[in-house]
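# Examining the three-dimensional arrangement
Here's the letter readout for the chains.
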Amino acid sequence: MNFTKLSLLLVFIPMFAHGGNDDCVSRKTVPDKVLDLSMVVELGLCRNPETMSAYYAMESARYNKNAGYASYLPAVNGSADINKNYQNHDWQDWQYGASISASYLIFDFGKRLADLNQLSSTWRAMGFDYDDRVQNYVYGVIGAYYALLNADADVESAKSLRAVAGVALDTAKKKYSAGVVARADVLKAETAMASRNLDLERAKNNREIAKGALLTKLSFPADGEITIADMSGDFGRVRENRGIDELIAIAREKRPDLLRAAANKDAAWHRRNSMFLKNLPSISATGTLSWRDNNRDYIYDDNAHTGGSIGIRASMPIFAGFANMYGVKSATASYDAATENLRTTKDNATLDVFTAYQNYKTAQTVLSQTETLLKSATESERVTAGMYRVGRATMLDWQTAQSELVSAQKQNNAAKYDLFVKRAAVALAIGDIKSEIEKEQ
């Protein structure tokens, strides 16, 4: 499956939504199994109304493009009539008639080709708009997915840190019972335990909010349940980095808004040509066949007539109140605007890629630093706990070490999943968000 300039039908919705389970849209609850990132994206895309709306808009443009081929085929019209004339104070006999006419455009200096090219470019632009909406939606799902993983990690960290606080409380109670420390140590340990319980409740609340955000992204009720798989710890390392020039080159080939701006420019160019060619002559072949009956006993008597004609017709607009002239000027201005919009889009795309790349590199550095911090804080808490047991550290020292461990754990969780989001932002910036899903598998 590739993002190409000529086919948007191979992107996400045809793969996921239209190729997914038949009950996907009608489901009331999330599948009762562990879902990885690709499964979550598949589930969301087949249910998301915004991307579906963009898909049908693209289909509408495709049908309009197909209708443009009609000008290369003959036009045939048929008619029938029945009438009764009133003349000299008397109603005449009923008269019947029928006719069929056909015309075929032979030559128009390329106007119909310009019209067809305009419709084709518009269809391509709508396809790239659909692609852009899909990629932005997928990026939103990825962000919500990682936010839930981060919230899950915070809950597990809060549980483990509460266990550490529990050990500290038990140790303080034992030492107080043995008369080694004052009751103040027990009170401090109880305070720390209460704080860890509070942190756990907050983490659980944040987890429910993150879960509701993801479920809403998937068009499910926010109070439902979903179980998702964690990411590999080796994902997003420095060795996977690519150069900024390479990323910008990829963006110019795949980024949907760039391709859409280019297609809109092409459509505007063909529209300008069509408006100019509208002022030139066109040549058509014509033919008619008719029959009329004056309601006598036999349809083939003298009162029944058949007739027809064939010919060549040339037509050219001479004066239309300057509408054609202003139409050309308007189409030219639209083309100039589309050209400038393409330039702006290129500049913005380059900046987006550069910004996303720098953020991603920074996130890699931050993750490495938080891993070092967590390792140091974990060892510091372990050593301080041992020193407290042998009377070489105070409860305040141990609580300080625990607080530092809490902070380090939260920072590491946030940095880990922020790295995943920043990596997805790079993929979005170059127009290849699909690669994020494939790398996760």
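In the block above lies the structure referred to throughout.
To start, this report covers the structure provided alongside it.

When you go through the protein chain residue by residue, the secondary structure sums to ten helices and six strands. Buried positions account for 39% of the 441 residues belonging to the protein chain. Considering only contacts in the protein chain between residues 6 or more positions apart, those separated by 24 or more positions represent 78%.

Once that is clear, we can look at empty space enclosed by the protein. Applying the stated rule across the entire model yields three cavities of 30 Å³ or more. Its boundaries defined by the atoms lining it, the largest cavity holds a volume of some 60 Å³. Taken together, Asp-154, Ser-157, Ala-158, Leu-161, Arg-196, Asp-199, Val-406 and Lys-410 make up the full set of residues lining the largest cavity. Top contributing element to the lining of the largest cavity by residue count: helix H4 (residues 111-177), with four residues. The residue inventory of the lining of the largest cavity, partitioned by class, reads three nonpolar, one polar and four charged.

Along the chain, Lys-211 falls in helix H5 (residues 183-217). You can call Lys-211 buried: its relative accessible area is 1%. It is 9.4 Å that separates the C-alpha atoms of Lys-211 and Asp-152, two residues lying 59 residues apart in sequence. Look past the residues within four positions of Lys-211 in its chain and what remains in contact with it is Leu-148, Ala-222, Gly-224, Glu-225 and Ile-226. Within polar-contact distance, the side chain of Lys-211 engages the side chain of Glu-208 at 3.0 Å. Engagement of the side chain of Lys-211 in a polar contact is seen with the side chain of Glu-225, the distance being 3.0 Å.

Another point: the nonpolar core. Grouped together as the largest cluster of nonpolar side chains are 41 residues, with contacts concentrated most on Val-40, Tyr-145, Tyr-146, Leu-214, Leu-218, Ile-226 and Ile-228. Going through the elements one at a time, helix H2 (37-45), helix H3 (49-67), H4, H5 and helix H9 (395-429) are the ones with two or more residues in this core. With 14 residues, the single largest contributor to this core is H4. Counting residues in hydrophobic clusters, the runner-up holds 16 residues, among them Val-353, Tyr-360, Leu-367 and Ala-425.

Judged from the twelve bridges that link them, strand E2 (residues 75-87) and strand E3 (residues 90-107) form a sheet pairing that is antiparallel. Of the residues in E3, the one forming a bridge with Tyr-86 is Trp-91. Between E2 and E3, which pair antiparallel and follow one another directly, the connecting turn spans two residues, one of which, Asn-88, has a positive phi of 55 degrees.

It is worth spelling out the packing of H3 against H4 at this point. Where H3 meets H4, the closest approach of the two axes is 8 Å, and the angle between their N-to-C directions is 170 degrees. The orientation of H3 relative to H4 falls into the category roughly antiparallel. Residues Glu-50, Thr-51, Ala-54, Tyr-55, Ala-57, Met-58, Ala-61, Arg-62, Asn-64 and Lys-65 of H3 form the contact with H4, whose own contacting residues are Leu-116, Leu-119, Ser-120, Thr-122, Trp-123, Met-126, Gly-127, Tyr-130, Arg-133, Val-134 and Tyr-137. Per-class residue counts for the contact of H3 with H4 are twelve nonpolar, five polar and four charged.

This next bit is on helix H6 (residues 244-254). Within the sequence span of H6, burial applies to Leu-247, Ile-248, Ile-250 and Ala-251. In a view along the axis of H6, the buried residues occupy a sector of 160 degrees, so they form one face of it. Those residues of H6 that are exposed and angled more than 90 degrees off the buried face are Asp-245, Arg-252 and Glu-253. As for H6, its buried residues are in contact with helix H7 (256-277), helix H8 (323-389) and H9.

Basis of the calculations
- Residues numbered from 1 in each chain as written.
- Predicted model: local features only at pLDDT ≥ 70, side-chain atom pairs only at ≥ 80, totals over all residues.
- Heavy atoms only, no water.
- Helix = DSSP H or I, 4+ residues; strand = E, 2+ residues; numbered from the N terminus.
- Buried < 20%, exposed > 50% of the residue type's maximum accessible area, 1.4 Å probe, protein only.
- Contact = heavy atoms within 4.5 Å.
- 1 Å grid on protein atoms, 1.4 Å probe; cavity = no way out; pocket = protein on both sides within 12 Å on 5 of 7 lines; lining within 4 Å.
- Points joined across faces, edges and corners; volume = space filled by probe spheres on them.
- Nonpolar A, V, L, I, M, F, W, Y, C, P; charged D, E, K, R; others polar.
- Polar contact = N/O pair within 3.5 Å; in protein donor to acceptor, adjacent residues only side chain to side chain.
- Core = buried A, V, L, I, M, F, W, Y, C linked by side-chain atoms within 4.5 Å.
- Pairing = 2+ DSSP bridges.
- Axes fitted to C-alpha atoms, helices over the stretch in contact; angles between N-to-C directions.
- Parallel < 35°, antiparallel > 145°, perpendicular 65-115°, else oblique.
- Arc of directions from axis to C-beta.

Worth remembering: the numbers are spatial, not functional.
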